[in-house]
Amino acid sequence: MSLYALKPAFQSLLRPLVAGLFRLRCTANFVTSLAAALSLLLGALLWLYPVASLFALLPLWCLIRMALNAIDGMLAREFGQRSVLGGFLNELGDVVSDAALLAPFMKLAGASTSLVWGAICLSIISELVGIHAAAAGGSRRYDGPLGKSDRAFVIGLLGLVVALGWVPVHAWNPIWIGFCALLLITTVRRIRAALNEIPPIRS
């Protein structure tokens with residue numbers, strides 16, 4: 001189960017806003033670029049000033065980012081704004097944003113830099129697998145348990161517990177080990193789903 005399954009209902013709530021943005025001549029590529037740029041700015045802020053209270057910005061931003069990710073897709077599909085460039089921006093924007101928002105957790109006392117780097121790398125790998133499934137002739141895989149929407153939710157939740165001081169120093173390494181384990185499961189599930197969907201290549 002992944003939060004991605006809730007995307008249609010989320011999109012229905014956003015549809016009036018998307019129509020208004022289209023009337024204002026807002027483009028899908030602009031929304032995608034804006035989401036990535038603001039994620040980088042927030043990541044840089046938290047990296048430079050890893051103050052617990054500032055991590056409270058993460059849950060708010062992750063919710064806005066999920067909305068922006070839905071909006072750019074709706075503008076592309078429903079208002080004729082699909083483009084090759086948009087596809088590149090969408091995929092690159094997601095992995096860059098995840099890396100930018102995860103990196104500041106390295107600055108917290110008790111957090112293993114290696115484990116956070118592992119979480120960043122495994123996030124990228126899971127998305128590469130999802131993309132390759134489409135390139136190999138199947139569908140773009142969004143399987144969980146830690147897909148894009150799920151990661152945004154977890155990152156926001158972690159930011160909230162940091163701000164509230166709910167995580168003891170010794171708990172961070174188990175949290176990141178669990179995060180990495182879920183990403184490994186996600187990657188394996190995507191590979192299996194793609195293999196079941198794509199016909200075998202015959203020589």
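Attention here is on the structure that accompanies the text. (Residues numbered from 1 in each chain as written. Predicted model: local features only at pLDDT ≥ 70, side-chain atom pairs only at ≥ 80, totals over all residues. Heavy atoms only, no water.)

### Digging into the overall build of the protein
Assigned secondary structure in the protein consists of 7 helices and 0 strands. Going residue by residue from the N terminus, the α and β elements of the protein occur as α-α-α-α-α-α-α. For a compact globule of 203 residues, the expected C-alpha radius of gyration is about 17 Å, and the protein comes in at 18 Å, within 12% of that figure. By residue count, 42% of the 203 residues in the protein fall in the buried class. (Helix = DSSP H or I, 4+ residues; strand = E, 2+ residues; numbered from the N terminus. Rg over C-alpha atoms; globule rule 2.2 N^0.38 Å. Buried < 20%, exposed > 50% of the residue type's maximum accessible area, 1.4 Å probe, protein only.)

### A closer look at the layout of surface pockets
Space inside the second largest pocket adds up to approximately 220 Å³. Residue lining of the second largest pocket: 12 residues in total, with His132, Ala136, Ala194, Leu195 and Ile198 positioned closest to the centre. Where the lining of the second largest pocket is concerned, the elements lending two or more residues are α5 (113-135) and α7 (172-197). Take the lining of the second largest pocket: its biggest share by element is 4 residues, from α7. The residue makeup of the lining of the second largest pocket, split by class, is 10 nonpolar, 1 polar and 1 charged. (1 Å grid on protein atoms, 1.4 Å probe; cavity = no way out; pocket = protein on both sides within 12 Å on 5 of 7 lines; lining within 4 Å. Points joined across faces, edges and corners; volume = space filled by probe spheres on them. Nonpolar A, V, L, I, M, F, W, Y, C, P; charged D, E, K, R; others polar.)

### Brief notes about the side chain of threonine 186
Relative to the helices and strands, threonine 186 resides in helix α7. Setting aside chain neighbours within four positions, we find threonine 186 in contact with Ser126, Asp143, Gly144, Pro145, Leu146 and Gly147. (Contact = heavy atoms within 4.5 Å.)

### Considering the nonpolar core
Grouped together as the largest cluster of nonpolar side chains are 41 residues, with contacts concentrated most on Leu58, Phe105, Trp172 and Trp176. Looking at this core, the elements with two or more residues in it are α1 (7-23), α2 (28-48), α3 (57-78), α4 (84-102), α5, α6 (148-164) and α7. By residue number, the principal contributor to this core is α3, which donates 10 residues. Beyond its immediate chain neighbours, meaning those up to four positions away, tryptophan 172 contacts Phe105, Leu108, Ala109, Gly110, Ala111, Leu158, Val162 and Val167. (Core = buried A, V, L, I, M, F, W, Y, C linked by side-chain atoms within 4.5 Å.)

### So, empty space enclosed by the protein
As enumerated under the stated definition, the model contains 1 cavity of 30 Å³ or more in all. As a volume, the largest cavity reaches approximately 40 Å³. Along its surface, the largest cavity is lined by Thr32, Ala35, Ala36, Arg65, Asn69, Leu89, Asn90, Gly93, Asp94 and Ser97. Secondary-structure elements contributing two or more residues to the lining of the largest cavity are α2, α3 and α4. Counting residues per element, the lining of the largest cavity draws most heavily on α4, which supplies 5 residues. Counted by class, the lining of the largest cavity contains 3 nonpolar, 5 polar and 2 charged residues.

### What about a nonpolar patch on the surface?
Side chains of Leu45, Trp47, Leu48, Tyr49, Val51 and Leu57 sit close together on the surface and give an oily, nonpolar patch of about 560 Å² of accessible area. Looking at the nonpolar patch element by element, the count peaks at 3 residues for α2. Secondary-structure assignment places leucine 45 in helix α2. Overall, leucine 45 belongs to the partly exposed group, its relative accessible area being 30%. (Patch = residues over 30% accessible without salt bridge, like charges linked within 9 Å, V, L, I, M, F, W, Y side chains within 5 Å. Areas by Shrake-Rupley, 256 points an atom, 1.4 Å probe, with all protein chains shown as cover. Salt bridge = Lys/Arg side-chain N within 4 Å of Asp/Glu carboxyl O.)

### Things to note about the packing of aromatic side chains
Pairs of aromatic rings are described using the distance from one ring centre to the other and the angle between the two planes. Going through the model one piece at a time under the given rule, you end up with 6 aromatic pairs. Ring geometry for phenylalanine 105 versus tryptophan 172: centroids 5.9 Å apart, planes at 55°, classification tilted. Residue phenylalanine 105 is found in the loop between α4 and α5, and its partner tryptophan 172 is found in helix α7; the two are separated by 67 residues along the sequence. Judged by its relative accessible area of 0%, phenylalanine 105 is buried. Centre to centre, the rings of tryptophan 172 and tryptophan 176 are 6.1 Å apart; their planes meet at 20°, and the pair counts as stacked. Taken as a pair, tryptophan 172 and tryptophan 176 lie in helix α7 at a separation of 4 residues, close to a single helical turn. Tryptophan 176 matches tryptophan 172 in its accessibility class, with the two residues each being buried. Members of the aromatic cluster, joined through ring pairs, are Phe55, Phe105, Trp172, Trp176 and Phe179. Here lysine 107 stacks its cationic end above the ring of tryptophan 47, 4.4 Å away from the centre of that ring. Against the face of tyrosine 142 rests arginine 140, its NZ or CZ located 4.7 Å from the ring centre. (Phe/Tyr/Trp six-rings, centres within 6.5 Å; stacked < 30°, edge-to-face > 60°. Lys NZ or Arg CZ within 6 Å of the ring centre and 35° of its normal.)

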